[in-house]
Amino acid sequence: MTYMTSLLGGLLIGTAAVWLLWSTGRIAGISGIAGRALNGLRGGTRELWPWLFVIGLGVGGWLAYWIMGDRPAISVSAEQSMLLLLGGLLVGFGTRLGSGCTSGHGVCGMARFSRRSFVATLVFLSVGIVTATLLQWLGGAL
């Protein structure tokens, strides 16, 4: 059954990305959409759709959490929280450096056959594999 939920999730992400592109002409890259929403707070163009998109991510995750019923127990120490915070900051830095995030490059850019997105996705995956391998080799720092 796990593959069915993954397949359904992928279909929903793909459908949402296509719908956003067709309806607004925008790529469904989370970092760009979040930046666009925050830009409105700084006096930029105030648009509702980026806020609805970002809020929908949280609401969708919350709904899936309650609907699926399979909720793992999670406990995070203060040290792990600091590592998660550092990781989040590094991801934010990487999205600026790479001109987009995994959703923008990996989902939308790859679908448009963007060479830049192919390279970015290859880098994302390679760094992720190396990081996971090193963490496993070091005994799992988290």
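Going by the structure above, here's the rest.
Thresholds, definitions, all that
- Residues numbered from 1 in each chain as written.
- Predicted model: local features only at pLDDT ≥ 70, side-chain atom pairs only at ≥ 80, totals over all residues.
- Heavy atoms only, no water.
- Helix = DSSP H or I, 4+ residues; strand = E, 2+ residues; numbered from the N terminus.
- Contact = heavy atoms within 4.5 Å.
- Expected span 1.5 Å × (residues − 1).
- Buried < 20%, exposed > 50% of the residue type's maximum accessible area, 1.4 Å probe, protein only.
- Arc of directions from axis to C-beta.
- Salt bridge = Lys/Arg side-chain N within 4 Å of Asp/Glu carboxyl O.
- Axes fitted to C-alpha atoms, helices over the stretch in contact; angles between N-to-C directions.
- Parallel < 35°, antiparallel > 145°, perpendicular 65-115°, else oblique.
- Left-handed = near helix turned anticlockwise from the far one by under 90°.
- Nonpolar A, V, L, I, M, F, W, Y, C, P; charged D, E, K, R; others polar.

Enquirer: I tried to follow the side chain of T95 on my own but got confused; where do I start?
Expert: In this fold, T95 is placed in helix 4 (residues 78–97). Residue contacts for T95: discarding those within four places in its chain leaves S31, G100 and C101.

Enquirer: What should I look at first to understand helix 2 (residues 30–41) in this one?
Expert: Compared with an ideal rise of 1.5 Å per residue, which puts 12 residues at 16 Å, helix 2 spans 17 Å between its outermost C-alpha atoms and is within 8% of the ideal. All buried positions along helix 2 are accounted for by I33, A37 and G40. Down the axis of helix 2, the buried set is contained in an arc of 55°. They therefore lie on one face. The positive-phi residue at the C-terminal boundary of helix 2 is G43, with phi of around 95°.

Enquirer: Is there a simple way to think about unusual backbone geometry in this case?
Expert: Note: most peptide bonds trans; most residues except glycine with negative phi. In the Ramachandran plot, F113 falls in the positive-phi region, its phi being about 60° despite a non-glycine side chain. Tracing the chain through its elements places F113 in the loop between helix 5 (102–111) and helix 6 (115–137). We classify F113 as exposed; its relative accessible area is 67%.

Enquirer: What exactly am I supposed to notice about the pattern of salt bridges here?
Expert: Charged atoms that come close allow side chains of opposite charge to pair. Enumeration over the complete set of coordinates arrives at one salt bridge. Linking R36 and E47 is a salt bridge whose minimum nitrogen-to-oxygen distance equals 2.6 Å. Residue R36 is found in helix 2, and its partner E47 is found in the loop between helix 2 and helix 3 (49–68); the two are separated by 11 residues along the sequence. With relative accessibility at 26%, the residue R36 sits in the partly exposed group. For E47, a relative accessible area of 24% gives the class partly exposed.

Enquirer: I would appreciate a short explanation of the packing of helix 5 against helix 6 in the present structure.
Expert: In a packed pair of helices, the relevant descriptors are the angle between the two axes and the axis-to-axis distance. Remark: helix 5 packs on helix 6, axes separated minimally by 9 Å, with the N-to-C direction vectors making an angle of 130°. Considered as vectors, helix 5 and helix 6 are oriented oblique to each other. The chirality of how helix 5 crosses helix 6 is left-handed. On the side of helix 5, the interface is formed by T102, H105, G106, G109 and M110, while helix 6 contributes R116, S117, F118, A120, T121 and F124. Broken down by class, the residue content of the contact of helix 5 with helix 6 amounts to four nonpolar, six polar and one charged.

Enquirer: Explain the environment of A17 to me, please; I cannot follow it from the model alone.
Expert: Following the sequence through the fold, A17 ends up in helix 1 (residues 2–24). For the pair A17 and A28, spaced 11 residues apart in sequence, the C-alpha to C-alpha distance is 5.3 Å. Residue contacts for A17: discarding those within four places in its chain leaves A28, V107 and C108.

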